[in-house]
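Okay, here's what each chain looks like letter by letter:
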Amino acid sequence: QQQVKQSPQSLIVQKGGIPIINCAYENTAFDYFPWYQQFPGKGPALLIAIRPDVSEKKEGRFTISFNKSAKQFSLHIMDSQPGDSATYFCAASRGGGSYIPTFGRGTSLIVHP
Amino acid sequence: DSGVTQTPKHLITATGQRVTLRCSPRSGDLSVYWYQQSLDQGLQFLIQYYNGEERAKGNILERFSAQQFPDLHSELNLSSLELGDSALYFCASSVAGGGPDIQYFGAGTRLSVL
């Protein structure tokens, strides 16, 4: 059972474009939603995270939009750059434990110069 | 550099064998997490240790075990290896692990079972 569904699997944009990655979850107990960025040969690194009491969060060129009623959240990358080319994972976790993330399957993003 | 060190970087072994993966957390971090990343299953949580004690368990097979030592480094032991165990194994560490701490991931150990 895939608790966090992520789409698309891959994405190609031109420099300056705004790639959007979408995720949906099923478990309403989830209360923390991080996004991770992974470059080839490296481990995932936390990019930005959001709680469900907030509908949007921005950090630099990265924005998370959150729709609690639809159980969906998405990552937007403004003014994308070739250096943003990486695999992006959404995740969801909950308290009452260790906030262990349940990951989406990942989106491979390529930004062409 | 995340500050989390994993060794070895690559490991090639045969079916039925046993291997040990090592992780040194960031200085000051008490929690260590192990994850498996494969094409089939994606990134999956295996197990968490906090200050030497097991705190959370995920989709870890009975053939796999882990421990965290007094100096806080951790080892993941994989035994009776099967072809399907070939994957990237990541270790992550965080300060406390009781809340949504930032987990810092190592570069991983790539295990190939032939």
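Residues numbered from 1 in each chain as written. Chains lettered and ligands numbered in written order. Predicted model: local features only at pLDDT ≥ 70, side-chain atom pairs only at ≥ 80, totals over all residues. Heavy atoms only, no water.

Colleague: I tried to follow empty space enclosed by the protein on my own but got confused; where do I start?
Modeller: Empty pockets left among the atoms are what a rolling probe the size of a water molecule brings to light. Summed over all chains, the structure comprises one cavity of 30 Å³ or more. In terms of lining residues, the largest cavity is bounded by A:Tyr32, A:Pro34, A:Tyr36, A:Leu46, A:Ser93, A:Tyr99, A:Pro101, B:Asp101 and B:Gln103. (1 Å grid on protein atoms, 1.4 Å probe; cavity = no way out; pocket = protein on both sides within 12 Å on 5 of 7 lines; lining within 4 Å. Points joined across faces, edges and corners; volume = space filled by probe spheres on them.)

Colleague: Sorry if this is basic, but what is going on with the sheet that holds strand 1 (residues 5-7) of chain B here?
Modeller: As a general point, the strands of a sheet are linked pairwise by backbone hydrogen bonds and lie either parallel or antiparallel. Residues and elements named next belong to chain B. Taken together, the four strands give an open sheet; going across it, the order is 1-3-8-7, and neighbouring strands pair in antiparallel fashion. Each of the sheet's edge strands pairs with one partner strand only, and the pair in question is strand 1 and strand 7 (64-68). Taking each pair of neighbouring strands and ignoring which way they run, the sheet shows an average axis angle of 15°. (Pairing = 2+ DSSP bridges. Helix = DSSP H or I, 4+ residues; strand = E, 2+ residues; numbered from the N terminus. Axes fitted to C-alpha atoms, helices over the stretch in contact; angles between N-to-C directions.)

Colleague: Sorry if this is basic, but what is going on with the sheet that holds strand 1 (residues 4-7) of chain A here?
Modeller: All names here are of chain A. With antiparallel pairing, the five strands of this open sheet are ordered in space as 1-3-8-7-6. At either end of the open sheet lies a strand with only one pairing partner, and these are strand 1 and strand 6 (56-59). Within this sheet the neighbouring strands show an average axis-to-axis angle of 15°, counted without direction. Direction of pairing for strand 3 (residues 20-25) relative to strand 8 (residues 72-77): antiparallel, over a ladder of five bridges.

Colleague: What am I meant to see in the environment of A:Pro40 here?
Modeller: With respect to the secondary-structure elements, A:Pro40 resides in the loop between strand 4 (33-38) and strand 5 (45-50). Accessibility expressed as a relative area gives 75% for A:Pro40, which makes it exposed. (Buried < 20%, exposed > 50% of the residue type's maximum accessible area, 1.4 Å probe, protein only.)

Colleague: What should I look at first to understand the pairing of strand 11 (residues 107-112) of chain A in this one?
Modeller: The side chains of a regular strand alternate between the sheet's two faces. All names here are of chain A. Residue alternation in strand 11 divides its side chains into a buried set, Thr 107, Leu 109 and Val 111, and an unburied set, Ser 108, Ile 110 and His 112. Strand direction decides the pairing type here: strand 9 (residues 86-92) and strand 11, joined by three bridges, are antiparallel. Each bridged residue has a counterpart across the sheet, and for Ala 86 the counterpart in strand 11 is Leu 109.

Colleague: Mind showing me how you'd approach the pattern of salt bridges here?
Modeller: Oppositely charged side chains can pair when the atoms bearing their charge come close. On inspection of all chains with the given rule, the structure shows six salt bridges over all chains. Across the pair A:Lys57 and A:Glu59 runs a salt bridge whose closest N-O atoms are separated by 3.7 Å. Taking relative accessible area as the criterion, A:Glu59 reaches 37% and is therefore assigned partly exposed. A salt bridge links B:Asp29 to B:Arg26; the nearest nitrogen and oxygen atoms lie 2.9 Å apart. For B:Asp29, a relative accessible area of 1% puts it in the buried group. Connected via shared salt-bridge partners are B:Arg63, B:Glu82 and B:Asp85. (Salt bridge = Lys/Arg side-chain N within 4 Å of Asp/Glu carboxyl O.)

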